[in-house]
Amino acid sequence: MAETAPVRAHLLRRPAAAPLAVLVAGVVGAGYLYGTDPHEPGHVLPACPFRFVTGLLCPACGGTRMTYDLMHGQFGAAWLDNRALLLASPFALALLARWMVEGLRGRRWRPELSPRVQVLILSLAVTWTVVRNIRN
């Protein structure tokens, strides 16, 4: 038994450990979400803490409904749930894929965004938040 702790610690330090854990969590979450309609009341899904505190929609509000709709082939409904997140999803999936590939190759990888890109992303998120809260 004493040998399992060092082996476990060694496995957790491998570059693929974190992306694989994120992938497994995502698959488990997607599996649960597939059978749980977030459009209906009474589901056991986390609520947005930002909306709970402020009453306003955050940039990601509607993301759970959007994901559910995408998994069920409802692209129009997904668009209405959260346009910005839907448009950003391919980029996020590409980053996750790159992280996974690099980890499986035994290399650590972290995306490096220039300060300009960081400001652009933050500006888009703030603008989207303001626009969607004015419209509602």
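Predicted, not measured: the structure shown is a model, and the values here were computed from it.

Engineer: Quick rundown of the overall build of the chain? Include the residues and the values.
Structural biologist: For the chain, the helix and strand inventory stands at seven helices and zero strands. For 136 residues, the compact-globule formula gives about 14 Å, and the C-alpha radius of gyration of the chain, at 18 Å, lies well above that figure. Projected onto the principal axes, the alpha-carbon positions of the chain cover approximately 55 × 40 × 30 Å. Going through the 136 residues of the chain one by one, you find that 19% of them count as buried. Partitioning the intrachain contacts of the chain with sequence separation of at least 6 by distance along the chain shows that 54% fall at a separation of at least 24.

Engineer: So what's going on with the environment of Pro-19? Residues and values would help.
Structural biologist: Within the secondary structure layout, Pro-19 lies in helix H2 (residues 17-34). Taking the C-alpha atoms as reference, Pro-19 lies 7.3 Å from Leu-96; in sequence the two are 77 residues apart.

Engineer: Please provide a residue-by-residue account of the side chain of Asp-81, values included.
Structural biologist: Of note, Asp-81 is situated in helix H5 (residues 75-81). Looking at Asp-81, its side chain comes within polar contact range of the main-chain nitrogen of Met-66, at 3.4 Å. Setting aside residues no more than four positions away along its own chain, Asp-81 makes contact with His-39, Cys-61, Gly-62, Arg-65, Met-66, Asp-69 and Arg-132.

Engineer: Outline the packing of helix H4 (residues 63-71) against helix H6 (residues 83-104), supporting the account with residue identities and numerical values.
Structural biologist: It is the contact of H4 with H6, at a shortest axis distance of 10 Å, that shows an interaxial angle of 65°. Like other packed secondary-structure pairs, H4 and H6 cross with a definite hand, here right-handed. Here H4 contributes Gly-63, Met-66 and Leu-70 to the contact with H6, which in turn contributes Leu-85, Leu-86 and Ser-89. Among the residues forming the contact of H4 with H6, the class breakdown is four nonpolar, two polar and no charged.

Engineer: Can you tell me about the environment of Leu-23, naming the residues and giving the values?
Structural biologist: Here Leu-23 is to be found in helix H2. Considered as a pair, Leu-23 and Ser-89 are 66 residues apart in the sequence and their alpha carbons are 15 Å apart.

Engineer: Could you give an account of the side chain of Glu-102, naming the residues involved and the relevant values?
Structural biologist: In this structure, Glu-102 sits in helix H6. Discounting residues that sit within four places of it in the chain, Glu-102 has contacts with Arg-107 and Trp-109.

Engineer: Please give an account of the packing of H2 against H6 that cites residues and values.
Structural biologist: Between H2 and H6, whose axes approach to 8 Å, the crossing angle comes to 135°. For the element pair H2 / H6, the angle class is oblique. Along this stretch, H2 crosses H6, giving a crossing that reads as left-handed. Taking contact as the criterion, the partners of Ala-18, Pro-19, Leu-20, Val-22 and Leu-23 in H2 are, on H6, Leu-96, Trp-99, Met-100 and Leu-104. In the contact of H2 with H6, the residues fall into nine nonpolar, no polar and no charged.

Conventions and cut-offs
- Residues numbered from 1 in each chain as written.
- Predicted model: local features only at pLDDT ≥ 70, side-chain atom pairs only at ≥ 80, totals over all residues.
- Heavy atoms only, no water.
- Helix = DSSP H or I, 4+ residues; strand = E, 2+ residues; numbered from the N terminus.
- Rg over C-alpha atoms; globule rule 2.2 N^0.38 Å.
- Buried < 20%, exposed > 50% of the residue type's maximum accessible area, 1.4 Å probe, protein only.
- Contact = heavy atoms within 4.5 Å.
- Polar contact = N/O pair within 3.5 Å; in protein donor to acceptor, adjacent residues only side chain to side chain.
- Axes fitted to C-alpha atoms, helices over the stretch in contact; angles between N-to-C directions.
- Left-handed = near helix turned anticlockwise from the far one by under 90°.
- Nonpolar A, V, L, I, M, F, W, Y, C, P; charged D, E, K, R; others polar.
- Parallel < 35°, antiparallel > 145°, perpendicular 65-115°, else oblique.

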